[in-house]
Amino acid sequence: MDKINEQQHLTELIDLYQNLIFSICCKMTGDYFAAEDLTQETFLSAYRHFDTFTGTNEKAWLCRIASNKCIDYLKSAAKRQIPSGEELFAERADLSPGPEERILEKETRTTLLTRCRKLKPPYDIIATLYFYEEKKADEIAREQNKNLKTVQTQIYRARAMLRKLYKKERTAYEKN
């Protein structure tokens, strides 16, 4: 086909199948504007490759080109994503605690240790190991040469005692 006939034939194909190709692209990408671009790319690709088309079903050929264009678009979409400002700052954010957080953490841990030591034996040792040093019950049982169930019961009781202590101090603080 000469160039004039190819251009005329392309115009006929666009008139016949433009809505079909656009709907395919729109369905596959879910993006109206990308579908418009992909529809144009489909017809441009068909125009460039008229000489290689040997079949008789141009509709199927155009649909195949469109679906391939959409697949390529979707594969590369992840690479083209532009991060939002929040995502960009989240990636670069320093997640280490600031000076205020470090001081509060230290103060909280010191208060916890003080309160654990106020408990009567053996709950003072168990509370310190479990709540302050953050050891697991089975580790404490091995270290203290105690039965695991005994340690678990002592942790439970130490927790209750610490709650009472915190509640008592909070009530005293709120009265002042």
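This text follows the structure it describes.
Below: a short report on this structure. (Residues numbered from 1 in each chain as written. Predicted model: local features only at pLDDT ≥ 70, side-chain atom pairs only at ≥ 80, totals over all residues. Heavy atoms only, no water.)

### Structural notes on the overall build of the protein
Note the following rule: Segments assigned H or I by DSSP are reported as helices when at least four residues long, segments assigned E as strands when at least two residues long, and all are numbered from the N terminus. Each residue is assigned to one of three classes by its accessible area relative to the maximum for its type, calculated with a 1.4 Å probe on protein chains only: buried under 20%, partly exposed between the two thresholds, exposed over 50%. We call two residues in contact when some of their heavy atoms are within 4.5 Å.
Scanning the protein from N- to C-terminus turns up eight helices and zero strands. Going from N to C terminus, the protein has its helices and strands arranged as α-α-α-α-α-α-α-α. The burial tally for the protein puts 27% of its 176 residues in the buried class. Here the analysis covers contacts within the protein between residues at least 6 apart in sequence; of these, 55% occur between residues at least 24 apart.

### Quick word on the packing of helix α5 (residues 99-118) against helix α8 (residues 148-175)
Spelled out, the test is: Helix axes are fitted to C-alpha atoms over the stretch in contact, other axes to C-alpha atoms as well, and angles between N-to-C directions run from 0 to 180 degrees. Helix crossings fall into two classes, left-handed where the near helix is turned counterclockwise from the far one by less than a right angle and right-handed where it is turned clockwise. Three categories are distinguished: nonpolar for Ala, Val, Leu, Ile, Met, Phe, Trp, Tyr, Cys and Pro, charged for Asp, Glu, Lys and Arg, and polar for the others, with Gly belonging to the last.
For the pair α5 and α8, the least separation of the axes is 10 Å and the interaxial angle reads 115°. For α5 against α8, the interelement crossing comes out right-handed. Counting all contacts with α5, which are made through Thr-111, Leu-112, Arg-115, Cys-116 and Lys-118, the residues of α8 involved are Leu-162, Leu-165, Tyr-166 and Glu-169. Considered class by class, the residues forming the contact of α5 with α8 number five nonpolar, one polar and three charged.

### Points about helix α2 (residues 32-48)
The criterion, for reference: Here the expected span of a helix is defined as 1.5 Å times the quantity of residues minus one.
Over its 17 residues, α2 extends 25 Å from the first C-alpha to the last, a length consistent with the 24 Å expected when each residue adds 1.5 Å. Here α2 has its buried residues at Ala-34, Ala-35, Leu-38, Thr-39, Thr-42, Phe-43, Ser-45, Ala-46 and Tyr-47.

### Side note on the environment of Met-161
By secondary structure assignment, the location of Met-161 is in helix α8. Overall, Met-161 belongs to the partly exposed group, its relative accessible area being 24%. When near neighbours in sequence (up to four residues on either side) are disregarded, Met-161 contacts Leu-119, Lys-120 and Tyr-123.

### Comments concerning unusual backbone geometry
The linkage connecting Pro-121 with the following residue, Pro-122, adopts the cis geometry, with an omega of 0°. Positive phi is not limited to glycine here, since Glu-134 has a value of about 55°. A residue is classified by how much of its surface remains accessible, and Glu-134, at 61% relative accessible area, is exposed. Of note, the phi angle at Asn-145 is positive, near 55°, even though the residue is not glycine. Following the sequence through the fold, Asn-145 ends up in the loop between α7 (137-144) and α8.

### Observations concerning the nonpolar core
Grouped burial of nonpolar side chains is what soluble globular proteins tend to show. Going by this rule: In this description, a nonpolar core means a group of buried Ala, Val, Leu, Ile, Met, Phe, Trp, Tyr and Cys residues linked to one another through side-chain atoms lying within 4.5 Å.
Residues Ile-21, Cys-25, Phe-43, Trp-61 and Leu-62 are the most contacted members of the largest nonpolar core, which totals 19 residues. Look past the residues within four positions of Phe-43 in its chain and what remains in contact with it is Leu-10, Leu-13, Ile-14, Tyr-17, Gln-18, Ile-21 and Leu-62.

### Quick word on helix α6 (residues 123-132)
Residues of α6 that are buried: Tyr-123, Asp-124, Ile-126, Ala-127, Thr-128 and Leu-129. Buried residues along α6 sit in contact with α5, α7 and α8. The positive-phi residue at the C-terminal boundary of α6 is Glu-134, with phi of around 55°.

### Describing the packing of α6 against α7
Keep this limit in mind: Roughly parallel means an angle under 35 degrees; roughly antiparallel, over 145; roughly perpendicular, 65 to 115; everything else is oblique.
Where α6 meets α7, the axes come as close as 10 Å, and the angle between the chain directions of the two elements is 135°. By the angle between their directions, the pair α6 and α7 is classed as oblique. When you trace α6 past α7, the crossing you get is right-handed. The residues of α7 that touch α6, namely those facing Ile-125, Ile-126, Leu-129 and Tyr-130, are Ala-137, Ile-140, Glu-143 and Gln-144. Of the residues belonging to the contact of α6 with α7, the class tally is six nonpolar, one polar and one charged.

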